[in-house]
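Listed here are the chains, written in short residue letters.
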Amino acid sequence: MTTKLLLIVLDGVPYANWRRYFGCLEGWVQSGEARVWKMRAGLPSMSGPCYASIHSGNPPQVHGVLSNGIIKRVELPDVFSEVRKAGGVTGAVAHSWWSEFFNRSPFDMVRDIEYDEPESTSINHGRFHTMTGYDHNNQATPCDADLFATLTSLCQRFDLRYGMLHTCTLDSMGHRFGHECGEMDHACALMDAMLAGFLPRWRAMGYEVIVTADHGQSLRGHHGGTGEDQRDFALYYFGDGAGPKGDAVLDQLALAPTILKRLGCAIPDSIKAAPFLT
Ligand SMILES: [Zn+2]
């Protein structure tokens with residue numbers, strides 16, 4: 001049977017928050033359903049550069065997205081393009097930058113807010129949001145349960161072989177409140193509970209699932225630099241692949257080739273990192 005996989009990226013969740021607040025995910029680690037590792041973002045540990053690295057398997061110094069001020073089509077093979085070459089159907093429920101990096105840029109709000117393009121060489125089924133108006137006090141983020149439901153709907157309707165979901169809720173909460181406060185405690189627990197409402201369903205539909213972040217955050221809610229609090233986050237894996245020892249620190253650049261390997265797709269020559277799952 002062909003492997004199918006979902007990548008869930010919760011933006012800006014530092015390693016400590018995953019391990020202390022995500023009780024449902026941690027419960028599945030304890031029960032043996034999931035495995036967890038620490039993963040380290042590249043530099044700069046900013047969102048745009050990390051998204052481009054996650055999906056292209058290359059560092060910012062190669063793909064050219066060196067800050068959140070450089071939003072462009074990444075001219076490298078990525079997970080979407082390689083799944084398409086192998087005949088798989090792709091889907092994305094994410095911030096609009098993902099569409100710009102891996103499909104087309106600039107983002108036309110009406111044309112690109114949602115599209116179904118069966119012949120696409122990148123994203124076949126896209127559902128995006130722009131967070132227009134986002135600032136410190138107004139997150140402008142969608143409800144995460146709605147995003148999870150949208151991804152589930154795409155999986156059911158279009159039999160996605162690979163689907164990715166990305167949400168900025170916790171990154172925005174961190175920038176707003178930091179990480180030693182009741183607001184963040186609650187936000188993490190709520191995210192964990194909403195995710196837990198969908199994960200068993202995705203597994204029952206035959207999907208392997210990776211839940212992770214793009215980067216961490218400092219206690220003050222900052223990221224971009226070299227601090228381990230800014231760079232490190234957890235990666236949870238639900239599936240049949242074998243991985244390294246639990247104390248391994250994974251390289252973010254290894255995520256793209258790992259996904260492609262699990263899906264049985266060829267890994268392009270542009271990707272130098274080795275997969276961490278076999
Ligand atoms: Zn981010």
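Analysis parameters
- Going along each chain's sequence as written, the residues are numbered from 1 onward.
- Given that this is a predicted model, residues contribute local features only at a pLDDT of at least 70 and side-chain atom pairs are listed and counted only at 80 or more, while totals for whole chains, interfaces and linings are drawn from all residues.
- To get the side-chain values, take all heavy atoms of the structure and skip hydrogens and water.
- Listed donor atoms are N, O and S within 2.8 Å of the metal (Na, K and Ca: 3.2 Å). As water is not included, a site may look incomplete.
- Numbered from the N terminus, helices here are DSSP runs of H or I no shorter than four residues, and strands are runs of E no shorter than two.
- The buried label applies to any residue whose accessible area, calculated with a 1.4 Å probe on protein chains only, is under 20% of its type's maximum; exposed applies above 50%, and partly exposed to all values in between.
- Only strands joined by at least two bridges in the DSSP assignment are considered to pair.
- Working convention: axes come from line fits to C-alpha atoms, limited for helices to the stretch in contact. Angles between N-to-C directions cover 0 to 180 degrees.
- Residue contacts are counted whenever heavy atoms from the two residues lie within 4.5 Å of one another.
- Definition used for salt bridges: Asp or Glu carboxyl oxygen within 4 Å of a side-chain nitrogen of Lys or Arg.
- We call two N or O atoms a polar contact when they sit within 3.5 Å, provided that within protein one can donate a hydrogen and the other can accept it, with sequence-adjacent residues counted only if both atoms are side-chain atoms.
- Multiplying one less than the number of residues by 1.5 Å gives the expected span of a helix.
- Directions pointing from the helix axis toward each C-beta atom define the arc.
- Aromatic pairing here means that ring centres of Phe, Tyr or Trp (its six-membered ring) are within 6.5 Å. Orientation follows from the plane angle: under 30 degrees is stacked, over 60 is edge-to-face, and everything else is tilted.

**Regarding the coordination of the zinc ion**
Next, step 1: Of the protein atoms, only Asp11 (OD), Asp11 (OD), Ser47 (OG), Asp214 (OD) and His215 (NE2) coordinate the zinc ion, at distances of 1.9 to 2.7 Å.
Next, step 2: Along the chain, the residues that donate to the zinc ion are spaced as D-x35-S-x166-D-H. Note that serine 47 is positioned in helix H3 (residues 47-56) and histidine 215 in the loop between strand S7 (207-212) and helix H12 (228-231), a separation of 168 residues in sequence. Grouping residues by exposure puts serine 47 and histidine 215 together as buried.

**Points about the sheet that holds strand S6 (residues 162-167)**
Next, step 1: Across the sheet, which stays open at both edges, the nine strands sit in the order S4-S5-S3-S6-S1-S7-S8-S2-S9 with mixed pairing between neighbours. Each edge of the open sheet carries a strand with a single partner, namely strand S4 (114-116) and strand S9 (249-251). Averaged over all pairs of adjacent strands, the angle between strand axes in this sheet comes to 15 degrees, irrespective of strand direction.
Next, step 2: Taken together, the six bridges between strand S1 (residues 4-10) and S6 define a ladder with parallel strand orientation. Opposite leucine 6, over in S6, you have glycine 163 as the bridge partner.
Next, step 3: Across the sheet, helix H2 (residues 23-31) is in contact with strand S2 (35-40), S7 and strand S8 (232-238); its angle to S8 comes to roughly 55 degrees.

**A word on the pattern of salt bridges**
Next, step 1: Taken as a whole and judged by the stated rule, the model has twelve salt bridges.
Next, step 2: Two residues, aspartate 232 and arginine 40, come together in a salt bridge whose shortest N-O distance is 2.8 Å. Linking aspartate 232 in strand S8 with arginine 40 in strand S2, this pair joins segments that are 192 residues apart in sequence.
Next, step 3: Relative accessible area serves as the criterion here: at 2%, aspartate 232 is assigned to the buried category.
Next, step 4: Connected via shared salt-bridge partners are Arg104, Arg111, Asp112 and Glu117.

**Structural notes on the side chain of asparagine 17**
Next, step 1: Mapped onto the fold, asparagine 17 is located in helix H1 (residues 15-21).
Next, step 2: In terms of polar contacts, asparagine 17 uses its side chain to reach the side chain of arginine 20, at 3.0 Å.
Next, step 3: Here asparagine 17 is in contact with Phe22, His179, Met184 and Cys188, once residues within four sequence places are set aside.

**Description of helix H8 (residues 144-158)**
Next, step 1: The terminal C-alpha atoms of H8, which comprises 15 residues, lie 21 Å apart, in line with the 21 Å expected from a rise of 1.5 Å per residue.
Next, step 2: When H8 is considered as a whole, its buried residues turn out to be Asp144, Leu147, Phe148, Leu151, Thr152, Leu154 and Cys155. Looking down the long axis of H8, one finds its buried residues gathered within 155 degrees of arc, a one-sided arrangement.

**Considering the packing of aromatic side chains**
Next, step 1: Using the criterion set out here, one finds 16 aromatic pairs in the structure.
Next, step 2: Taking 4.6 Å as the distance between ring centres and 40 degrees as the angle between the ring planes, the aromatic pair formed by tryptophan 18 and phenylalanine 22 counts as tilted. Like phenylalanine 22, tryptophan 18 is buried.
Next, step 3: Ring centres of tryptophan 37 and phenylalanine 276 lie 6.1 Å apart, and the angle between their planes is 65 degrees; this geometry places the pair in the edge-to-face category. Taken together, the residues tryptophan 37 in strand S2 and phenylalanine 276 in the segment after helix H13 (255-263) connect sequence positions 239 residues apart.
Next, step 4: Given the relative accessible area of 1%, tryptophan 37 is considered buried.
Next, step 5: Taken together, the aromatic side chains of Tyr51, Phe80, Trp97, Trp98, Phe101, Phe102 and Tyr162 make up a single cluster linked through ring pairs.

Nothing here speaks to function; it is all geometry.
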